[in-house]
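Architecture and fold: a report
So the chains spell out like this:
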Amino acid sequence: MTQAETSTALTFEDFKKEVVNDYKIAVTSRECSLLGRREVLTGKAKFGIFGDGKEVPQLAMAKAFKNGDFRSGYYRDQTFMMAIGQLSIEQFFAGLYGHPDIEFDPMSAGRQMGGHFATKSLNTDGSWKNLTEQKNSSADISPTAGQMPRLLGLAQASKIYREVSGIDSSLFSKDGNEVAWGTIGNASTSEGLFFETINAAGVLQVPMVICVWDDEYGISVHARHQTTKENISEILGGFQRDEQTKGYEIIRVKGWDYAELVAAFERASKIARTEHVPVMLHVRELTQPQGHSTSGSHERYKNADRLAWEAEFDCIRQMRLWMLSFNIATEAELDDIETEAKKAVLEGKKNAWNAFINPIKNEQQELCTLLLQVAAQSDNKVFIEKYANDLAAVKEPGRKDLVVLARKVLRMINGESGQPQLAQWIKNYTNQIQPKYSSHLHSASAQNALSIAEVKPEYDENSEDADARVVLRDNFDALFSKYPQALIFGEDSGNIGDVNQGLEGMQEKYGALRVADAGIREATILGQGIGMAMRGLRPIAEIQYLDYLLYALQIMSDDLATLQYRTQGNQKAPLIVRTRGHRLEGIWHSGSPMGMIIHALRGMHVLVPRNMTKAAGFYNTLMQADEPALIVECLNGYRLKEKMPTNLGEFKTPIGVVETIKEGTDITLVSYGSTLRLVEQAAKELLEIGIDCEIIDAQSLLPFDLKHDIAKSVMKTNRLLVVDEDVPGGASAYILQQVIDEQNAYEYLDSKPQALSAQPHRPAYGTDGDYFSKPSVEDIYEKVYAMMHEVNPKQYPALY
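Only a predicted model underlies this, so the values are computations on that prediction, with no experimental measurement involved.

**Quick word on the overall build of the protein chain**
Tallying secondary structure elements over the protein chain gives 27 helices and 22 strands in all. Expected size for 800 residues packed as a compact globule is a radius of gyration near 28 Å; at 30 Å, the protein chain falls within 12% of this value. Principal axes of the C-alpha set define a box for the protein chain whose edges measure 100 × 85 × 45 Å. Intrachain contacts of the protein chain at a sequence separation of at least 6 include 79% that bridge at least 24 residues. Split by element, the accessible area of the protein chain, about 31,700 Å² in all, is 50% carbon and sulfur.

In C-alpha cells form, the structure reads like this:
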C-alpha cells in the first residue's frame, strides 16, 4: 500500500508534492551527516554520530507520528526530528559544536553530544506546556538501550489517562490516544534493558511502537555475534499476539522501500493507537554509509561485497529510483533538490558556526584589550604582551583558552596595580559563563522541593500509638484521595499492600491501575515512573529493597537524575522512588550503599527518614514539588509504635534540613535512618557517666544541611562523630566533607572529627552477623568514650 492509498482525500499531485518534500528532507539530513563528519575531522567539533542510512524509515515514522505522541529514541534520529519540524540545519550544527545557548541548541544547550534530541515540555517558569498540541521527544541518553525503560512509562501514561477517571489530562492526553515511539539499533537489542522492556510492555498492553533499525552491525561487530539467528524479530516471534492470547504485533519491513515503510508505520500507529497493543517494527536491510561514528571508518570491518551492497541499497538511492520509476519527479528535478540541499546545509553550517564562535571572539577581544592594559603597568610587560598577541591570533578560540591564559597572567602580576582589574574580570567572566554549563541540576521553578515549607504533624488528645506502617498507609490513603494523578506500583505493592503492609487495602480502594503490582524488573519499574512523570502523572515507583536498587541505578543516574540538567530545564520527571533498607537480615536485605547512591544520583534528592512519620512527611512534600527523589524507609521500623497525626497528607518534612533530636554539650553525633535509634540508646548510657551528646538526624543526604546547623552544633560541642552503616568511606565520608569543608566546622573542633561506619564487607546473616557487621550501641558508646578519653584521660580512663 502506498501513501496515496492511505487517504482518499489525497490527490496524486498532493502525494507527489509530499514525496518530493520527503526526499528533500532526506537528502538535507544526509548532507548534514556528511558535512558534520568533516567538521569533526577538521577539529571544529569534538565527536559526531549521525543518522545516515536511516533517513527513509524515519520519514515514514514521522508521517505516523501525531501531536501528543512521544519519542524515546537513540542518537541517529535526526531525519525524524527534521521531518516533524523540530530540528533545523542550524540547530543540528549548533548541537555538533556544543553551543551552550538553549536558543541555538534547543536539544541540550551543548550539554550532550550532537544527535541527542529533545523537545520542550515546559514553559520558562517550569510549568507544563500543552503536550497534546505538539510532537514530543523525550531527551535522549547515550547508554545503549537506556531509552527503553522510559519508553514503557511514556506508553503506560496513555493507558492511565484512558482508563483512570478523575485526572485532569487537558495538557497531557486526549483520551489516551497517544503512542510512544521507541527507536533502537539492532545491536542494542542485546541489552537486558531491551528485553525487560519488551516483556513488560507485552504484559501491560500499552500503546508502544518499538522501531529496530537493523543495519547488521554494532559498531564493528556483526549481528552473528549479537543476536541469536541474527534476527531479533524472529527470536521474539513468541510475543506475536493471536486470537487467544495478548502480545505484540510484529511487523517486518525493508528499510529502503519507501512505500512499504509508509504503509507499515501507518499500520503500526493504528494498532497501537486504537487497540493499545504494543508493536515491534523490525526495519531491516539498512545501511550506515559513514560507519558508526567519527571515531573510525567502517571500511576496516566491512568487506567489499558488503560495501557494494550498501552502495546499491542505500535508502536514499532506492527512494530516488522508486520516484523516477513512478514519474514522481524527473532526474533533473531530483538533481536540483540535491544541489539546493548542499547549498542550504553549507549555509546553515556557516550560520551555526558564526553564532557559536562570534560571542567567544568578542570575549577574546575584550580580554586581549585588558591584557595589554595590564601589561603596560607590569614588570612582565614583554611576556604579557606576547600572551595577548598570541591569543589575538587564535582564529577559533575556546572559552577555556581565555580563562587559562587570564589565570596564568594573574599569577605573573600578583601584587601589581593591574591585579585587581584582571582578577575581577576572571570572577565576572566565570560567573557569567559557568551557569551555561552547570545550571538546572535541580528545578528552578517555584515548585522546587526546597520551596515547600515545613508543616509539622499535629496531634490531639485522641491521637493513639499505632504501628508505624499504619501511619504510612493512612498517609498514602490521604495522598491518593487528594491527588487523582498519583499512583504507585512495584513488586507486591498491589494485591497484598506491599511486603510491610504500608499499602494495605489501597488497591481495593483505588483500583489496580493506581495501586499496581509489577513483575520482578526493577529497571523498568523505574522506567514506568520516569515516562509517566514526563507526561504529567505523579507516580511513586517502589523498589522492594534498597539492595535491589542497583538494578535500576543506571536508569536513575543516567536518565532521571540528569533530565533537568541535560535539557537546561526544558523537561522534568517528578518521580518519587520508594524503597526500604538498612538493618534486617543478611547480605541482600541489609544493605546501606548510600555513598554509591548519593554520588550516582546528583540531580535527585536522597532522603533518609528515621521513622514512618518523617517518611510520610517527605511524600507529602514531594507531591507538591516538581523534582525527583529517592526515599529510603527504615526496614526494621514498620512495626514500631508511632503516634498517629491528625493532619495526614498535609504535614511536610522539609528537604535539606537536619533535626536536632537531643541537645548536648560535649560532642555532636550525626546519623540518619535506623542507626539513629542505636545512637540514641548509646547517648542515654553515656549520659550516665557524664558525657552529654547532641544528636542530629541528617534526614536528607541530597541536599545536605542547607542551614549549616551541624556546624552550629560543633561550635558549641567542639567535637564531631558521624555514625553510619555504609561501608567505610561511604556516606560518612561525604557527611564529614560537607561539615568540615563546606560548613567550615574545622574552625570549632578541639578533637579530630571521626566517623564510625560498618565493616567493609556486606552484612552477614542473622542477629550475630548484624552485630559484627554494622555499628552497635557498644561501638558507638566506646567510640565516643575514646574521644572523651583523649580530652580528659583522668575522668575517662581507657577501657582497653
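What follows picks up the thread again.
**Some points on the packing of aromatic side chains**
The tally for this structure, following the rule as stated, stands at 31 aromatic pairs. For the ring pair Phe194 and Phe195, a centre distance of 5.6 Å and an interplane angle of 90° mean the geometry is edge-to-face. Relative accessible area serves as the criterion here: at 35%, Phe195 is assigned to the partly exposed category. The interplanar angle of 70° and the centroid separation of 6.0 Å between the aromatic rings of Tyr545 and Tyr548 together place this pair among those described as edge-to-face. Looking at Tyr545, the relative accessible area reads 13%, which means it is buried. Of the aromatic side chains, those joined through ring pairs into one cluster are Phe50, Phe92, Phe93, Tyr97, Trp353 and Phe356. When the ring centre of Tyr217 is taken as reference, the NZ or CZ atom of Lys302 above it lies at 5.3 Å.

**Here we look at the pairing of strand S10 (residues 486-490)**
Working note: regular strand, side chains alternate between the two faces of the sheet. For S10, a buried count of five out of five residues is recorded, marking the element as mostly surrounded by other parts of the structure. On S10, burial covers both faces: Ala486, Ile488 and Gly490 on one face and Leu487 and Phe489 on the other are all buried. Pairing geometry for S10 and strand S12 (residues 538-542), over five bridges, is parallel. Paired with Phe489 across the strands is Ala541, a residue of S12. Judged from the three bridges that link them, S10 and strand S11 (residues 515-517) form a sheet pairing that is parallel. Each residue of the ladder has a partner; that of Phe489, found in S11, is Ala516.

**A few points about the sheet that holds strand S1 (residues 70-72)**
Read from one edge to the other, the open sheet built from six strands follows the order S2-S1-S3-S4-S8-S7, with strand pairing classed as parallel. For this open sheet the edge positions go to strand S2 (136-137) and strand S7 (249-254), each flanked by a neighbour on one side alone. Note that strand S4 (residues 208-213) and strand S8 (residues 279-284) share five bridges and pair parallel. In the sheet register, Val212 faces S8, and the bridge partner there is His282. Contacting S1, strand S3 (180-185) and S4, helix H6 (residues 147-163) runs over the sheet at an angle of about 165° to S3. Where helix H9 (residues 258-275) meets the sheet, its contacts fall on S3, S4, S7 and S8, and the angle it forms with S7 comes to roughly 165°.

**Looking at helix H14 (residues 399-412)**
When the terminal C-alpha atoms of H14 are compared, their 21 Å separation across 14 residues agrees well with the 20 Å that a helix rising 1.5 Å per residue should span. Of the positions making up H14, those classed as buried are Arg399, Leu402, Val403, Leu405, Ala406 and Val409. The arc that holds every buried residue of H14, seen down its axis, measures 165°, which confines them to one face. H14 presents Lys400 and Arg411 as exposed residues on the side facing more than 90 degrees away from its buried surface. Along its buried surface, H14 packs onto helix H12 (331-376), helix H13 (381-392) and helix H15 (419-438).

**Some points on the pattern of salt bridges**
As enumerated under the stated definition, the model contains 51 salt bridges in all. One salt bridge in this structure joins Lys63 and Glu18, with 2.4 Å as the shortest N-O distance. Of the two residues, Lys63 sits in helix H3 (residues 55-64) while Glu18 sits in helix H2 (residues 12-41), which places them 45 residues apart along the sequence. Since its relative accessible area comes to 15%, Lys63 is described here as buried. On the basis of relative accessibility, which here comes to 25%, the residue Glu18 falls in the partly exposed class. Between Arg578 and Asp498 there is a salt bridge whose closest N-O contact spans 3.0 Å. Here Arg578 is found in strand S13 (residues 576-581), whereas its partner Asp498 is found in the loop between S10 and helix H17 (506-510), with 80 residues between them in sequence. Given a relative accessible area of 0%, Asp498 falls into the buried group. Here the residues in one salt-bridge network are Asp498, Glu542, Arg578, Arg580 and Glu633, joined through shared partners.

**What to know about empty space enclosed by the protein**
The full count for this structure, using the stated rule, is three cavities of 30 Å³ or more. Within this model, the largest cavity holds a volume of roughly 120 Å³. Phe92, Gly95, Gly114, Gly115 and Phe117 are, among the 17 residues lining the largest cavity, the residues nearest its centre. Per element, the largest residue contribution to the lining of the largest cavity is four residues, and it comes from helix H5 (residues 89-97).

**Comments concerning the layout of surface pockets**
Of the voids in this model, the largest pocket is the one considered here, and its volume is about 680 Å³. As for the largest pocket, its lining consists of 30 residues, of which Phe356, Gly398, Arg399, Lys400 and Tyr437 are closest to the centre. At the level of secondary structure, the elements contributing two or more residues to the lining of the largest pocket comprise H5, H12, H14 and H15. Among the elements that make up the lining of the largest pocket, the one with the highest residue count is H15 (five residues). Taken together, the residues of the lining of the largest pocket break down into 15 nonpolar, nine polar and six charged. Along its surface, the second largest pocket is lined by 24 residues, and Trp128, Phe172, Gln485, Gly536 and Arg538 are the ones closest to its centre.

**Things to note about the sheet that holds strand S19 (residues 693-697)**
The strand order across the open sheet formed by five strands is S17-S19-S18-S21-S22, and the pairing between neighbours is mixed. The open sheet has two edge strands with one neighbour each: strand S17 (659-662) and strand S22 (754-756). Shown here is a sheet whose adjacent strand axes are inclined to one another by a mean of 25°, direction ignored. Inspection of the sheet shows strand S21 (residues 720-723) paired to S22 by three bridges, in the parallel sense. Counterpart to Leu721 in the pairing with S22 is Gln754. Of the strands in this sheet, S17, strand S18 (667-671), S19 and S21 touch helix H23 (residues 675-687), which is tilted by about 170° from S19. Sheet strands touched by helix H24 (residues 709-717): S18, S19 and S21. Its angle to S19, the strand with the most contacts, is close to 175°.

**A short note on the pairing of S4**
Most of S4 sits out of view: six of its six residues are buried. Side chains Met208, Ile210 and Val212 of S4 all project onto a buried face; the interleaved residues Val209, Cys211 and Trp213 project onto the opposite face, where all are buried too. Inspection of the sheet shows S3 paired to S4 by six bridges, in the parallel sense. Paired with Trp181 across the bridge in S4 is Val209. Regarding topology, helix H7 (residues 192-204) serves as the crossover connection from S3 to the parallel S4, and that connection is right-handed.

**A word on the packing of H12 against H15**
Closest axis-to-axis distance for the H12/H15 pair is 10 Å, and the angle between their directions is 165°. By the angle class used here, H12 and H15 are roughly antiparallel. Crossing hand, H12 versus H15: left-handed. In this structure, H12 uses Glu363, Glu366, Leu367, Leu370, Leu371, Gln373 and Val374 to contact H15, whose residues at the interface are Gln421, Leu422, Trp425, Tyr429, Gln432 and Ile433. Split by residue class, the contact of H12 with H15 holds eight nonpolar, three polar and two charged.

Reading the values: the criteria
All residue numbers refer to positions counted from 1 along the written sequence of the respective chain. Thresholds applied to this predicted model are a pLDDT of at least 70 for local features of residues and 80 or more for the giving and counting of side-chain atom pairs; totals over whole chains, interfaces and linings are not thresholded and use all residues. With hydrogens and water stripped out, all remaining heavy atoms of the structure feed into the side-chain values. In this text, helices come from DSSP runs of H or I with a minimum length of four residues, and strands from runs of E with a minimum of two, each type numbered from the N-terminal end. In this description the radius of gyration comes from C-alpha coordinates, and the expected globular size is given by 2.2 Å times residues to the power 0.38. By the convention used here, residues are in contact when the closest approach between their heavy atoms is within 4.5 Å. Each accessible area is a Shrake-Rupley result for a 1.4 Å probe, and residues are judged covered by the shown protein chains and nothing else. Between the rings of Phe, Tyr and Trp (Trp by its six-membered ring), a pair exists once the centres lie within 6.5 Å; its type follows the angle of the planes, with under 30 degrees stacked, over 60 edge-to-face, and the other angles tilted. Think of it in three bands: residues with accessible area under 20% of the maximum for their type are buried, residues over 50% are exposed, and the middle band is partly exposed, with areas taken using a 1.4 Å probe on protein chains only. Remark: a charge is flagged as sitting over a ring if the NZ atom of Lys or the CZ atom of Arg is within 6 Å of the ring centre and within 35 degrees of the ring normal. Pairing between two strands is assigned when DSSP locates at least 2 bridges connecting them. Axes here mean lines fitted to C-alpha atoms, for a helix over just the part in contact, with angles spanning 0 to 180 degrees between N-to-C directions. Under the convention used throughout, the expected extent of a helix is 1.5 Å for every residue step, that is, one less than its residue count. By arc we mean the arc of the directions from the helix axis to the C-beta atoms, nothing more. Criterion for a salt bridge: a side-chain nitrogen of Lys or Arg within 4 Å of a carboxyl oxygen of Asp or Glu. Cavity means a closed set of points on a 1 Å grid over the protein atoms alone, one where a 1.4 Å probe fits but cannot get out, pocket means an open set with protein on both sides within 12 Å along at least 5 of 7 lines, and lining means a residue has an atom within 4 Å of a point. Grid points are joined across faces, edges and corners, and a volume is the space filled by probe spheres set on the points. Each residue receives one of three labels: charged for Asp, Glu, Lys and Arg, nonpolar for Ala, Val, Leu, Ile, Met, Phe, Trp, Tyr, Cys and Pro, and polar for the others, Gly being one of them. Note on handedness: a clockwise path from strand one over the helix to strand two, with the strands aimed away from the viewer, defines a right-handed crossover. Note on angle classes: values under 35 degrees are labelled roughly parallel, values over 145 roughly antiparallel, values of 65 to 115 roughly perpendicular, and the remainder oblique. By convention, the crossing between two helices is left-handed when the near helix turns anticlockwise from the far helix through less than a right angle, and right-handed when the turn is clockwise.

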